[in-house]
Amino acid sequence: MNTHRSLPRRAALAATAVAAGLVLAACGSDNTTNTAGTAPATTTAPAPPEADRQNQADVTFAQGMIPHHRQAILMSDMVAAHGASPDVKALAEKIKRAQAPEIETMTGWLKAWGEKVPTGVSMDGMGHGDDPGMPGMMSDQSLDRLGKARGNAFDTMFLTMMIEHHEGAIDMAKTEKQQGAYGPATALADDIITSQTAEIAQMRSMLKTG
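Residues numbered from 1 in each chain as written. Predicted model: local features only at pLDDT ≥ 70, side-chain atom pairs only at ≥ 80, totals over all residues. Heavy atoms only, no water.

Visitor: So what's going on with the overall build of the protein chain? Which residues, and what values?
Guide: A count of helical and extended segments in the protein chain gives 6 helices and 0 strands. Secondary structure elements in the protein chain, listed N-terminal to C-terminal, are α-α-α-α-α-α. The buried share among the 210 residues of the protein chain stands at 37%. For the protein chain, the exposed surface amounts to about 11,900 Å²; the carbon and sulfur share of it is 56%. (Helix = DSSP H or I, 4+ residues; strand = E, 2+ residues; numbered from the N terminus. Buried < 20%, exposed > 50% of the residue type's maximum accessible area, 1.4 Å probe, protein only. Areas by Shrake-Rupley, 256 points an atom, 1.4 Å probe, with all protein chains shown as cover.)

Following this line, the structure appears as structure tokens:
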């Protein structure tokens, strides 16, 4: 303070300086030594490993989609021997190529989670199903009828059944997207919806053109 200023003036300046200091302390400042007014330090727990972040919807999705994919491969395998149209045969091969790596991926998830891996083409590994938890699955009787068909009749039956099968897979994938917690599983569900919706459109077009 300037010693030549009057005492009242010096007292007022001193009071103003103290008030300014209190405001700065309350609000915090860029000075790293001033901790007044700052939020208390917090610590974030490390995220659990990916395999620990699934929920029951993810498990159900993988356990249901694996046999669902296997049945699609089973149906597609019949095309080479029984089908007539080269376009239907090409589609069947495309379906087979898409299903196999996805089965392998989902099998890896279930093993990492310590969950049961289906061993057949139904969730319990026995028979072909009619499992209400797996929409679109063909019954033993439907598959037997498909296996007995030949030529154009086979192609028509295969396309009709595969459309229903794909629609079931899409329903399961939509449930996973709504309820699942595991990022890779919801991403796979999205891929299934996109790819199988496109194949359904292709198969409907093939049915119209004969």
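Visitor: Let's hear about the nonpolar core: which residues, and what values?
Guide: The nonpolar side chains of a soluble globular protein tend to be buried, and buried together. In terms of nonpolar packing, the biggest core is built from 45 residues, with Phe61, Met75, Met106, Trp109 and Phe158 touching the most fellow members. Sorting the residues of this core by element identifies α2 (56–82), α3 (86–113), α4 (140–148), α5 (151–179) and α6 (183–209) as the ones contributing at least two each. Beyond its immediate sequence surroundings of up to four residues, Phe158 is in contact with Met75, Ser76, Val79, Val88, Ala92 and Leu146. (Core = buried A, V, L, I, M, F, W, Y, C linked by side-chain atoms within 4.5 Å. Contact = heavy atoms within 4.5 Å.)

Visitor: I'd like a rundown of the environment of Val121, residues and numbers included.
Guide: Secondary-structure assignment places Val121 in the loop between α3 and α4. When the C-alpha atoms of Val121 and Leu74 are compared, they prove to be 8.9 Å apart, with 47 residues separating the residues in sequence.

Visitor: Tell me what's going on with the packing of α3 against α6, and back it up with residues and numbers.
Guide: Direction vectors running N to C along α3 and α6 enclose 170°, while the axes themselves pass 12 Å from each other. Our classification of the angle between α3 and α6 gives roughly antiparallel. The element α3 and its partner α6 pack so that their crossing is left-handed. Along the contact surface, α3 presents Asp87, Val88, Leu91, Lys94, Ile95, Gln99, Glu102, Met106 and Trp109, while α6 presents Pro184, Ala185, Leu188, Ile192, Gln196, Glu199, Gln202, Met203 and Met206. (Axes fitted to C-alpha atoms, helices over the stretch in contact; angles between N-to-C directions. Parallel < 35°, antiparallel > 145°, perpendicular 65-115°, else oblique. Left-handed = near helix turned anticlockwise from the far one by under 90°.)

Visitor: Tell me what's going on with the environment of Glu93, and back it up with residues and numbers.
Guide: Mapped onto the elements, Glu93 comes out in helix α3. Separated by 13 residues in sequence, Glu93 and Ala80 place their C-alpha atoms 9.0 Å apart.

Visitor: Residues and numbers for the packing of aromatic side chains, please.
Guide: For any pair of aromatic rings, geometry is given as the distance between the ring centres together with the angle between the planes. Summed over all chains, the structure comprises 4 aromatic pairs. Look at Trp109 and Trp113: their rings are 6.2 Å apart centre to centre, the planes differ by 25°, and that puts the pair in the stacked class. Taken together, the residues span about one helical turn, with Trp109 and Trp113 both in helix α3 at a distance of 4 residues. By relative accessible area, which is 9% here, Trp113 ends up buried. Ring geometry for Trp113 versus Tyr182: centroids 5.0 Å apart, planes at 85°, classification edge-to-face. Remark: Tyr182 occurs in the loop between α5 and α6 and Trp113 occurs in helix α3; sequence separation between them is 69 residues. Each member of the pair, Trp113 together with Tyr182, is buried. One aromatic cluster in this structure is built from Trp109, Trp113 and Tyr182. (Phe/Tyr/Trp six-rings, centres within 6.5 Å; stacked < 30°, edge-to-face > 60°.)

Visitor: Describe α3, naming the residues involved and giving the relevant values.
Guide: Its 28 residues give α3 an end-to-end C-alpha distance of 41 Å, which sits within 8% of 40 Å, the value for a rise of 1.5 Å per residue. Residues of α3 that are buried: Val88, Leu91, Ala92, Ile95, Gln99, Glu102, Ile103, Met106, Thr107, Trp109, Leu110 and Trp113. Buried residues in α3 make contact with α2, α5 and α6. The N-cap residue of α3 is Ser85: its side-chain oxygen and the backbone nitrogen of Asp87 are 3.1 Å apart. Of the residues flanking the end of α3, it is Gly114, one or two places downstream, whose phi is positive at about 75°. (Expected span 1.5 Å × (residues − 1). Polar contact = N/O pair within 3.5 Å; in protein donor to acceptor, adjacent residues only side chain to side chain.)

Visitor: Can you tell me about the confidence of the model for the protein chain, naming the residues and giving the values?
Guide: Regions with low pLDDT carry predicted coordinates that are not meant to be interpreted in detail. Per-residue pLDDT for the protein chain has a mean of 80; in total, 70% of the residues score no lower than 70. Within the model, pLDDT remains below 50 along residues 39–45, and this stretch shows 0 contacts once partners closer than five positions in the same chain are excluded. (pLDDT = per-residue confidence, 0-100.)

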